[in-house]
Amino acid sequence: MSVSYWNDRSNGRELNVDIAIIGGGITGLSCAYWLQKEDPHLRIAIIEKYEFGSGATGRNAGFITCGSVEHFNRLVGKHGQEEALEIWRFSERNLELLKEEIIQDNASDFLFENKGSFSLASTDNEFAELKESANLMRSMKINVEELVEADIKKRLGAEGFVGGIKYVEDASVHPILLLNGIRKKLGENVFMLEQHEVHQIEATSDGKKVLTNKTTVNASMVVYATNGYSALMNEYFSTKVFPTRGQILATEPVPKFMEGPCYANFVLDYFRQLPTGEMIIGGFRQLQKDTEKGYSDETSDVIQKALNEFLLQHIPAVRQAKITHRWSGIMGFSVDGQPLVGAIPQDEQLLFCCGYTGHGLGLAFHSAKVLTDCVFGRTIPKFISAKRFI
Ligand SMILES: Cc1cc2nc3c(=O)[nH]c(=O)nc-3n(C[C@H](O)[C@H](O)[C@H](O)COP(=O)(O)OP(=O)(O)OC[C@H]3O[C@@H](n4cnc5c(N)ncnc54)[C@H](O)[C@@H]3O)c2cc1C
(Lines give C-alpha, C1' and ligand atoms only; values in the text may rest on other atoms or scores of the structure.)
Protein backbone atom coordinates (compact mmCIF):
# COMPACT_ATOMS: atom_id res chain seq x y z
CA MET A 1 0.00 0.00 0.00
CA SER A 2 1.19 3.54 -0.61
CA VAL A 3 0.29 6.80 1.17
CA SER A 4 -0.81 9.89 -0.73
CA TYR A 5 0.49 13.39 -0.15
CA TRP A 6 -3.01 14.28 1.15
CA ASN A 7 -3.18 11.47 3.68
CA ASP A 8 0.36 11.81 4.99
CA ARG A 9 -0.02 13.03 8.59
CA SER A 10 3.58 12.42 9.63
CA ASN A 11 4.34 16.15 9.39
CA GLY A 12 7.99 15.34 9.03
CA ARG A 13 7.99 13.43 12.36
CA GLU A 14 10.76 10.80 12.42
CA LEU A 15 11.96 8.17 14.87
CA ASN A 16 15.35 6.50 14.58
CA VAL A 17 15.65 2.97 15.94
CA ASP A 18 17.75 -0.12 15.37
CA ILE A 19 14.83 -2.46 14.76
CA ALA A 20 11.27 -1.68 13.67
CA ILE A 21 8.73 -4.40 14.43
CA ILE A 22 5.44 -4.25 12.53
CA GLY A 23 2.51 -5.75 14.46
CA GLY A 24 1.48 -5.38 18.10
CA GLY A 25 0.30 -8.91 18.84
CA ILE A 26 2.02 -11.62 20.83
CA THR A 27 4.69 -11.98 18.13
CA GLY A 28 5.58 -8.31 17.94
CA LEU A 29 5.80 -7.86 21.70
CA SER A 30 7.64 -11.15 22.19
CA CYS A 31 10.20 -10.20 19.54
CA ALA A 32 10.77 -6.90 21.34
CA TYR A 33 11.07 -8.76 24.64
CA TRP A 34 13.78 -11.17 23.44
CA LEU A 35 15.67 -8.55 21.44
CA GLN A 36 15.90 -6.18 24.42
CA LYS A 37 16.91 -9.11 26.64
CA GLU A 38 19.75 -9.86 24.22
CA ASP A 39 20.84 -6.21 24.14
CA PRO A 40 19.07 -3.67 26.39
CA HIS A 41 20.70 -0.82 24.42
CA LEU A 42 18.88 -1.74 21.21
CA ARG A 43 16.31 0.88 20.22
CA ILE A 44 13.17 -0.90 19.09
CA ALA A 45 9.85 0.41 17.73
CA ILE A 46 6.68 -1.68 17.74
CA ILE A 47 4.35 -0.26 15.11
CA GLU A 48 0.69 -1.31 15.35
CA LYS A 49 -2.14 -0.24 13.05
CA TYR A 50 -4.80 -0.28 15.81
CA GLU A 51 -4.15 -1.17 19.46
CA PHE A 52 -1.89 -3.89 20.76
CA GLY A 53 -3.86 -7.15 20.75
CA SER A 54 -6.42 -6.05 18.20
CA GLY A 55 -5.41 -8.83 15.78
CA ALA A 56 -5.70 -12.57 16.42
CA THR A 57 -3.89 -12.18 19.75
CA GLY A 58 -6.94 -10.51 21.28
CA ARG A 59 -9.46 -12.76 19.50
CA ASN A 60 -8.33 -16.31 20.22
CA ALA A 61 -9.52 -18.98 22.65
CA GLY A 62 -6.57 -18.82 25.02
CA PHE A 63 -5.35 -22.44 24.65
CA ILE A 64 -1.61 -22.84 25.15
CA THR A 65 -1.21 -26.25 23.62
CA CYS A 66 1.80 -28.25 22.56
CA GLY A 67 2.47 -29.78 19.17
CA SER A 68 0.78 -28.55 16.04
CA VAL A 69 -2.49 -28.50 14.14
CA GLU A 70 -2.82 -32.24 13.78
CA HIS A 71 -2.86 -35.38 15.89
CA PHE A 72 0.61 -36.57 16.81
CA ASN A 73 0.42 -39.71 14.63
CA ARG A 74 -0.07 -37.47 11.60
CA LEU A 75 2.78 -35.19 12.64
CA VAL A 76 5.02 -38.26 12.81
CA GLY A 77 3.69 -39.42 9.42
CA LYS A 78 4.68 -36.07 7.88
CA HIS A 79 7.97 -35.33 9.64
CA GLY A 80 9.23 -38.65 10.99
CA GLN A 81 9.61 -39.42 14.70
CA GLU A 82 12.71 -37.35 15.36
CA GLU A 83 11.44 -34.08 13.87
CA ALA A 84 7.90 -34.60 15.25
CA LEU A 85 9.41 -34.86 18.72
CA GLU A 86 11.53 -31.75 18.08
CA ILE A 87 8.37 -29.85 17.06
CA TRP A 88 6.57 -31.05 20.18
CA ARG A 89 9.46 -30.15 22.49
CA PHE A 90 9.69 -26.71 20.85
CA SER A 91 6.14 -25.88 21.89
CA GLU A 92 6.63 -27.40 25.34
CA ARG A 93 9.56 -25.05 25.75
CA ASN A 94 7.29 -22.17 24.62
CA LEU A 95 5.11 -22.79 27.65
CA GLU A 96 8.09 -23.17 29.99
CA LEU A 97 9.51 -19.87 28.71
CA LEU A 98 6.17 -18.09 29.21
CA LYS A 99 6.06 -19.40 32.78
CA GLU A 100 9.69 -18.53 33.55
CA GLU A 101 9.78 -15.10 31.94
CA ILE A 102 6.25 -13.68 32.11
CA ILE A 103 3.78 -15.59 34.28
CA GLN A 104 6.17 -16.56 37.08
CA ASP A 105 4.30 -16.84 40.39
CA ASN A 106 1.40 -14.70 39.22
CA ALA A 107 -0.81 -17.29 37.46
CA SER A 108 -4.08 -15.77 38.68
CA ASP A 109 -3.15 -12.33 37.28
CA PHE A 110 -3.22 -13.93 33.82
CA LEU A 111 -6.16 -16.29 34.47
CA PHE A 112 -3.49 -18.89 33.67
CA GLU A 113 -4.23 -22.55 34.35
CA ASN A 114 -1.84 -25.44 33.75
CA LYS A 115 -4.35 -28.29 33.98
CA GLY A 116 -3.74 -29.97 30.60
CA SER A 117 -5.95 -30.04 27.51
CA PHE A 118 -8.02 -32.74 25.82
CA SER A 119 -8.58 -34.02 22.30
CA LEU A 120 -11.96 -35.70 21.94
CA ALA A 121 -13.17 -38.11 19.27
CA SER A 122 -16.77 -38.39 18.19
CA THR A 123 -16.03 -41.37 15.91
CA ASP A 124 -14.25 -44.69 16.47
CA ASN A 125 -11.85 -43.83 13.64
CA GLU A 126 -10.67 -40.67 15.30
CA PHE A 127 -10.41 -42.42 18.66
CA ALA A 128 -8.21 -45.08 17.02
CA GLU A 129 -5.92 -42.28 15.77
CA LEU A 130 -5.84 -40.70 19.19
CA LYS A 131 -4.87 -44.02 20.77
CA GLU A 132 -2.16 -44.48 18.16
CA SER A 133 -0.94 -40.95 18.96
CA ALA A 134 -0.98 -41.68 22.69
CA ASN A 135 1.12 -44.82 22.18
CA LEU A 136 3.64 -42.96 20.05
CA MET A 137 3.80 -40.11 22.55
CA ARG A 138 4.31 -42.39 25.52
CA SER A 139 7.13 -44.13 23.66
CA MET A 140 8.78 -40.68 23.41
CA LYS A 141 8.13 -39.88 27.06
CA ILE A 142 5.41 -37.29 26.37
CA ASN A 143 2.88 -37.20 29.17
CA VAL A 144 -0.61 -38.28 27.94
CA GLU A 145 -3.63 -39.99 29.43
CA GLU A 146 -6.41 -41.92 27.64
CA LEU A 147 -10.10 -41.30 28.40
CA VAL A 148 -13.21 -43.31 27.63
CA GLU A 149 -16.73 -41.94 27.11
CA ALA A 150 -17.66 -42.10 30.78
CA ASP A 151 -14.52 -40.13 31.82
CA ILE A 152 -15.40 -37.42 29.31
CA LYS A 153 -18.92 -37.05 30.69
CA LYS A 154 -17.72 -36.97 34.28
CA ARG A 155 -14.60 -34.82 33.98
CA LEU A 156 -15.53 -32.54 31.08
CA GLY A 157 -19.33 -32.51 31.15
CA ALA A 158 -19.33 -33.28 27.40
CA GLU A 159 -21.63 -35.73 25.61
CA GLY A 160 -21.36 -37.47 22.24
CA PHE A 161 -17.67 -38.37 22.36
CA VAL A 162 -16.48 -41.97 22.30
CA GLY A 163 -13.06 -41.32 23.77
CA GLY A 164 -10.12 -38.98 23.93
CA ILE A 165 -6.68 -38.20 25.24
CA LYS A 166 -5.38 -35.67 27.70
CA TYR A 167 -2.19 -33.75 27.01
CA VAL A 168 -1.17 -33.42 30.60
CA GLU A 169 1.21 -30.47 30.35
CA ASP A 170 -0.98 -28.02 28.37
CA ALA A 171 -2.32 -24.73 29.69
CA SER A 172 -4.74 -21.88 29.06
CA VAL A 173 -4.67 -18.14 29.63
CA HIS A 174 -6.43 -14.80 29.13
CA PRO A 175 -4.56 -13.71 25.99
CA ILE A 176 -4.81 -9.96 26.56
CA LEU A 177 -3.61 -10.26 30.15
CA LEU A 178 -0.68 -12.28 28.83
CA LEU A 179 0.08 -9.65 26.19
CA ASN A 180 -0.06 -6.91 28.82
CA GLY A 181 2.31 -8.98 30.95
CA ILE A 182 4.86 -8.99 28.14
CA ARG A 183 4.26 -5.29 27.51
CA LYS A 184 5.03 -4.44 31.14
CA LYS A 185 8.45 -6.05 30.78
CA LEU A 186 9.49 -3.84 27.88
CA GLY A 187 12.03 -1.17 28.80
CA GLU A 188 12.48 2.48 27.91
CA ASN A 189 14.26 1.71 24.65
CA VAL A 190 11.14 0.10 23.24
CA PHE A 191 8.89 2.68 21.57
CA MET A 192 5.25 1.66 21.24
CA LEU A 193 3.47 3.23 18.31
CA GLU A 194 -0.19 2.28 18.39
CA GLN A 195 -2.65 3.65 15.81
CA HIS A 196 0.24 3.72 13.33
CA GLU A 197 -0.43 1.95 10.06
CA VAL A 198 2.58 0.97 8.01
CA HIS A 199 1.98 1.91 4.36
CA GLN A 200 5.33 1.35 2.79
CA ILE A 201 8.92 0.32 3.45
CA GLU A 202 11.66 1.99 1.45
CA ALA A 203 15.32 1.03 1.22
CA THR A 204 17.84 3.70 2.31
CA SER A 205 21.64 3.67 2.05
CA ASP A 206 22.00 2.04 5.47
CA GLY A 207 18.63 0.47 6.29
CA LYS A 208 14.91 0.94 5.92
CA LYS A 209 12.47 3.79 6.09
CA VAL A 210 9.12 2.58 7.42
CA LEU A 211 6.39 4.98 6.36
CA THR A 212 3.31 5.12 8.57
CA ASN A 213 0.34 7.48 8.62
CA LYS A 214 1.84 9.40 11.58
CA THR A 215 5.59 8.84 11.90
CA THR A 216 8.45 7.78 9.64
CA VAL A 217 10.53 5.17 11.40
CA ASN A 218 14.15 4.76 10.28
CA ALA A 219 15.64 1.40 11.20
CA SER A 220 18.54 -0.88 10.33
CA MET A 221 16.20 -3.83 10.28
CA VAL A 222 12.46 -4.47 10.03
CA VAL A 223 10.58 -7.44 11.47
CA TYR A 224 7.18 -8.41 10.08
CA ALA A 225 5.15 -9.65 13.06
CA THR A 226 1.93 -9.45 11.09
CA ASN A 227 1.02 -13.16 10.93
CA GLY A 228 -2.30 -13.48 9.01
CA TYR A 229 -1.82 -10.03 7.45
CA SER A 230 1.70 -10.72 6.19
CA ALA A 231 0.75 -11.24 2.53
CA LEU A 232 -0.67 -7.70 2.53
CA MET A 233 2.75 -6.44 3.59
CA ASN A 234 5.04 -8.35 1.26
CA GLU A 235 4.45 -10.49 -1.82
CA TYR A 236 6.86 -13.13 -0.45
CA PHE A 237 4.17 -14.39 1.94
CA SER A 238 1.44 -14.79 -0.66
CA THR A 239 2.45 -18.40 -1.36
CA LYS A 240 3.43 -19.26 2.22
CA VAL A 241 1.10 -17.74 4.82
CA PHE A 242 -2.63 -17.72 4.14
CA PRO A 243 -5.12 -15.48 5.98
CA THR A 244 -7.67 -17.82 7.55
CA ARG A 245 -10.63 -16.75 9.64
CA GLY A 246 -11.60 -18.36 12.93
CA GLN A 247 -14.94 -17.76 14.72
CA ILE A 248 -15.96 -18.05 18.35
CA LEU A 249 -18.96 -17.57 20.62
CA ALA A 250 -18.98 -17.04 24.38
CA THR A 251 -21.73 -17.62 26.94
CA GLU A 252 -22.53 -16.03 30.26
CA PRO A 253 -20.83 -17.71 33.25
CA VAL A 254 -22.15 -21.02 34.58
CA PRO A 255 -20.96 -22.99 37.63
CA LYS A 256 -17.59 -24.65 37.07
CA PHE A 257 -17.87 -28.11 35.52
CA MET A 258 -14.89 -28.71 33.18
CA GLU A 259 -11.47 -30.04 34.06
CA GLY A 260 -9.73 -28.35 31.13
CA PRO A 261 -9.93 -27.04 27.55
CA CYS A 262 -10.93 -29.44 24.75
CA TYR A 263 -10.40 -29.91 21.06
CA ALA A 264 -12.76 -32.04 18.96
CA ASN A 265 -13.06 -33.21 15.36
CA PHE A 266 -9.36 -33.44 14.47
CA VAL A 267 -8.47 -30.17 16.25
CA LEU A 268 -10.90 -28.18 14.08
CA ASP A 269 -13.38 -27.37 16.85
CA TYR A 270 -12.66 -26.41 20.44
CA PHE A 271 -14.30 -25.36 23.69
CA ARG A 272 -13.26 -24.37 27.17
CA GLN A 273 -14.70 -22.96 30.35
CA LEU A 274 -12.89 -19.90 31.65
CA PRO A 275 -11.82 -19.78 35.31
CA THR A 276 -14.58 -17.15 35.65
CA GLY A 277 -17.25 -19.62 34.40
CA GLU A 278 -17.93 -18.42 30.83
CA MET A 279 -17.90 -20.99 28.05
CA ILE A 280 -16.07 -20.37 24.78
CA ILE A 281 -16.70 -22.45 21.66
CA GLY A 282 -14.91 -22.02 18.36
CA GLY A 283 -14.16 -23.66 15.03
CA PHE A 284 -16.29 -25.02 12.18
CA ARG A 285 -14.36 -23.14 9.49
CA GLN A 286 -14.54 -26.43 7.52
CA LEU A 287 -18.20 -25.56 6.81
CA GLN A 288 -17.31 -22.50 4.74
CA LYS A 289 -13.84 -23.11 3.44
CA ASP A 290 -14.03 -20.33 0.86
CA THR A 291 -15.44 -17.52 2.97
CA GLU A 292 -13.11 -18.36 5.84
CA LYS A 293 -10.14 -17.24 3.75
CA GLY A 294 -9.26 -13.55 3.59
CA TYR A 295 -9.11 -10.53 5.87
CA SER A 296 -12.69 -9.78 6.91
CA ASP A 297 -13.30 -10.21 10.62
CA GLU A 298 -17.09 -10.43 10.33
CA THR A 299 -18.90 -13.50 11.69
CA SER A 300 -21.04 -15.72 9.45
CA ASP A 301 -24.52 -17.10 10.19
CA VAL A 302 -23.61 -20.61 9.02
CA ILE A 303 -20.68 -21.03 11.37
CA GLN A 304 -22.26 -19.23 14.31
CA LYS A 305 -25.31 -21.50 13.96
CA ALA A 306 -23.03 -24.55 13.93
CA LEU A 307 -21.35 -23.31 17.12
CA ASN A 308 -24.79 -22.97 18.75
CA GLU A 309 -25.75 -26.48 17.67
CA PHE A 310 -22.48 -27.90 18.97
CA LEU A 311 -23.20 -26.34 22.34
CA LEU A 312 -26.73 -27.81 22.42
CA GLN A 313 -25.58 -31.25 21.28
CA HIS A 314 -22.45 -31.70 23.38
CA ILE A 315 -22.41 -29.47 26.46
CA PRO A 316 -25.56 -29.81 28.59
CA ALA A 317 -24.35 -27.40 31.29
CA VAL A 318 -24.60 -24.40 28.94
CA ARG A 319 -27.75 -25.32 26.97
CA GLN A 320 -29.73 -22.62 28.76
CA ALA A 321 -26.91 -20.10 29.04
CA LYS A 322 -27.18 -16.75 27.28
CA ILE A 323 -24.71 -16.13 24.45
CA THR A 324 -22.96 -12.88 25.17
CA HIS A 325 -20.31 -12.52 22.45
CA ARG A 326 -19.65 -13.65 18.90
CA TRP A 327 -16.46 -12.72 17.08
CA SER A 328 -13.85 -13.72 14.55
CA GLY A 329 -10.16 -13.12 13.87
CA ILE A 330 -7.57 -13.72 11.18
CA MET A 331 -4.97 -16.43 11.62
CA GLY A 332 -1.90 -17.08 9.46
CA PHE A 333 -1.89 -20.64 8.14
CA SER A 334 1.45 -21.71 6.71
CA VAL A 335 1.91 -24.09 3.79
CA ASP A 336 3.15 -26.95 5.97
CA GLY A 337 1.53 -26.03 9.30
CA GLN A 338 4.80 -24.94 10.95
CA PRO A 339 5.86 -21.38 11.82
CA LEU A 340 8.17 -19.42 9.56
CA VAL A 341 11.15 -17.50 10.90
CA GLY A 342 13.77 -15.93 8.69
CA ALA A 343 14.53 -13.12 6.26
CA ILE A 344 13.09 -12.26 2.89
CA PRO A 345 15.41 -13.82 0.28
CA GLN A 346 17.76 -11.16 -1.14
CA ASP A 347 16.97 -8.80 1.74
CA GLU A 348 18.55 -9.72 5.07
CA GLN A 349 17.22 -6.48 6.61
CA LEU A 350 13.59 -7.64 6.31
CA LEU A 351 12.89 -10.39 8.81
CA PHE A 352 9.71 -12.16 9.91
CA CYS A 353 8.17 -14.48 12.44
CA CYS A 354 4.71 -15.83 11.58
CA GLY A 355 2.61 -18.76 10.27
CA TYR A 356 1.51 -20.45 13.51
CA THR A 357 -1.50 -22.02 11.82
CA GLY A 358 -3.91 -21.25 14.64
CA HIS A 359 -1.48 -21.97 17.50
CA GLY A 360 0.32 -18.70 18.17
CA LEU A 361 -0.08 -18.84 21.93
CA GLY A 362 1.59 -22.23 21.87
CA LEU A 363 4.39 -21.13 19.56
CA ALA A 364 4.96 -17.37 19.23
CA PHE A 365 6.96 -16.64 22.38
CA HIS A 366 9.56 -19.28 21.56
CA SER A 367 9.47 -18.45 17.83
CA ALA A 368 10.25 -14.82 18.71
CA LYS A 369 13.30 -16.06 20.65
CA VAL A 370 14.35 -17.92 17.50
CA LEU A 371 13.86 -14.69 15.52
CA THR A 372 16.36 -13.09 17.89
CA ASP A 373 18.79 -15.94 17.12
CA CYS A 374 18.31 -15.09 13.45
CA VAL A 375 19.02 -11.40 14.05
CA PHE A 376 22.24 -12.30 15.86
CA GLY A 377 23.33 -14.77 13.18
CA ARG A 378 22.83 -18.00 15.12
CA THR A 379 21.60 -21.23 13.59
CA ILE A 380 17.89 -21.97 14.02
CA PRO A 381 15.96 -25.28 13.84
CA LYS A 382 15.27 -26.45 10.29
CA PHE A 383 11.54 -27.10 10.79
CA ILE A 384 10.88 -23.46 11.68
CA SER A 385 13.39 -21.82 9.34
CA ALA A 386 11.92 -20.18 6.24
CA LYS A 387 14.95 -21.52 4.37
CA ARG A 388 13.07 -24.82 4.13
CA PHE A 389 11.12 -23.24 1.25
CA ILE A 390 14.15 -22.24 -0.82
C1 LIG B 1 -10.75 -17.36 16.56
C2 LIG B 1 -9.32 -17.68 16.87
C3 LIG B 1 -9.03 -18.62 17.86
C4 LIG B 1 -7.72 -18.94 18.15
N5 LIG B 1 -7.43 -19.75 19.21
C6 LIG B 1 -6.15 -19.97 19.56
C7 LIG B 1 -5.84 -20.69 20.73
O8 LIG B 1 -6.70 -21.06 21.50
N9 LIG B 1 -4.54 -20.96 20.99
C10 LIG B 1 -3.54 -20.51 20.17
O11 LIG B 1 -2.36 -20.83 20.42
N12 LIG B 1 -3.79 -19.75 19.10
C13 LIG B 1 -5.08 -19.47 18.78
N14 LIG B 1 -5.34 -18.67 17.71
C15 LIG B 1 -4.22 -18.16 16.90
C16 LIG B 1 -3.48 -17.03 17.62
O17 LIG B 1 -4.40 -16.08 18.07
C18 LIG B 1 -2.46 -16.43 16.65
O19 LIG B 1 -1.61 -17.45 16.18
C20 LIG B 1 -1.61 -15.37 17.32
O21 LIG B 1 -2.40 -14.45 18.02
C22 LIG B 1 -0.76 -14.66 16.29
O23 LIG B 1 -0.18 -13.55 16.92
P24 LIG B 1 0.56 -12.45 16.06
O25 LIG B 1 1.06 -11.44 16.99
O26 LIG B 1 1.56 -13.13 15.18
O27 LIG B 1 -0.56 -11.89 15.08
P28 LIG B 1 -1.74 -10.85 15.40
O29 LIG B 1 -2.18 -10.95 16.80
O30 LIG B 1 -2.76 -11.02 14.35
O31 LIG B 1 -1.02 -9.46 15.26
C32 LIG B 1 -0.67 -8.90 14.00
C33 LIG B 1 -0.84 -7.41 14.14
O34 LIG B 1 -0.34 -6.77 12.98
C35 LIG B 1 -1.10 -5.59 12.83
N36 LIG B 1 -0.92 -5.07 11.46
C37 LIG B 1 -1.36 -5.64 10.31
N38 LIG B 1 -1.04 -4.84 9.28
C39 LIG B 1 -0.41 -3.76 9.78
C40 LIG B 1 0.12 -2.57 9.21
N41 LIG B 1 0.08 -2.34 7.91
N42 LIG B 1 0.71 -1.66 10.03
C43 LIG B 1 0.79 -1.89 11.36
N44 LIG B 1 0.26 -2.99 11.95
C45 LIG B 1 -0.33 -3.91 11.17
C46 LIG B 1 -2.51 -6.05 13.10
O47 LIG B 1 -3.36 -4.96 13.41
C48 LIG B 1 -2.31 -7.00 14.26
O49 LIG B 1 -2.53 -6.40 15.52
C50 LIG B 1 -6.65 -18.33 17.40
C51 LIG B 1 -6.95 -17.36 16.44
C52 LIG B 1 -8.27 -17.03 16.17
C53 LIG B 1 -8.56 -15.97 15.15
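None of these values were measured; they are calculated from a predicted model.

*Asks:* Help me understand the sheet that holds strand β20 (residues 347-354), please; the structure alone is not making it clear to me.
*Replies:* Two pairing modes exist for strands in a sheet, parallel and antiparallel, and in both the strands are linked by backbone hydrogen bonds. With mixed pairing, the 6 strands of this open sheet are ordered in space as β9-β3-β2-β13-β20-β19. What marks the edges here is a single partner per strand, and that holds for β9 (190-193) and β19 (340-344). Averaged over all pairs of adjacent strands, the angle between strand axes in this sheet comes to 20°, irrespective of strand direction. Bridging between strand β13 (residues 221-224) and β20 involves 3 bridges; their strand directions are parallel. Bridged to Y224 within β20 is F352. Most of the contacts of helix α8 (residues 360-375) go to β20, to which it runs at about 170°, and overall it touches β2 (19-22), β13, β19 and β20.

*Asks:* So what exactly am I meant to see when it comes to the domain arrangement of the chain here?
*Replies:* Quoted interface sizes are often the accessible area lost when the parts come together. With domains assigned, the chain is organised as domain 1 (14-59 + 177-240 + 337-389) and domain 2 (114-169 + 242-334). Just the C-alpha atoms count here: the centres of domain 1 and domain 2 sit 30 Å apart. Taken residue by residue, the interface counts 18 residues in domain 1 and 15 residues in domain 2. Contact between domain 1 and domain 2 buries roughly 1300 Å² in total, counting both sides, with carbon and sulfur atoms accounting for 54%. Among the residues of domain 1 in contact with domain 2, R59, G228 and T357 are the three that bury the most area, contributing 40% of the side total.

*Asks:* What am I meant to see in the sheet that holds strand β12 (residues 216-219) here?
*Replies:* Strand order in the open sheet made by the 4 strands is β1-β12-β11-β10, with mixed pairing throughout. Both outer strands of the open sheet, β1 (14-16) and β10 (198-203), are each paired with one neighbouring strand and no more. Here the strands of the sheet are splayed against their neighbours by 20° on average, with no regard to which way each runs.

*Asks:* Sorry, what's going on with the packing of aromatic side chains here?
*Replies:* Any aromatic ring pair is given by two values, namely how distant the centres are and how the planes are angled relative to each other. Applying the stated criterion to the full structure yields 18 aromatic pairs. Centroid distance F72 to W88: 5.6 Å. Interplanar angle 90°. Geometry classified as edge-to-face. Judged by its relative accessible area of 2%, F72 is buried. Since its relative accessible area comes to 6%, W88 is described here as buried. With a centroid separation of 5.1 Å and an interplanar angle of 85°, the aromatic rings of F237 and F352 are classed as edge-to-face. With F237 in the loop between α6 (230-233) and β14 (241-251) and F352 in strand β20, this residue pair connects regions lying 115 residues apart in the sequence. Residue classification places F237 among the buried residues on the basis of a relative accessible area of 0%. Under the relative-accessibility criterion, F352 is labelled buried at 0%. Of the aromatic side chains, those joined through ring pairs into one cluster are F161, F271, F284 and F310.

About the criteria used
- Residues numbered from 1 in each chain as written.
- Predicted model: local features only at pLDDT ≥ 70, side-chain atom pairs only at ≥ 80, totals over all residues.
- Heavy atoms only, no water.
- Pairing = 2+ DSSP bridges.
- Helix = DSSP H or I, 4+ residues; strand = E, 2+ residues; numbered from the N terminus.
- Axes fitted to C-alpha atoms, helices over the stretch in contact; angles between N-to-C directions.
- Contact = heavy atoms within 4.5 Å.
- Domains from an automatic or database assignment.
- Buried area = accessible area lost by both parts, 1.4 Å probe.
- Phe/Tyr/Trp six-rings, centres within 6.5 Å; stacked < 30°, edge-to-face > 60°.
- Buried < 20%, exposed > 50% of the residue type's maximum accessible area, 1.4 Å probe, protein only.

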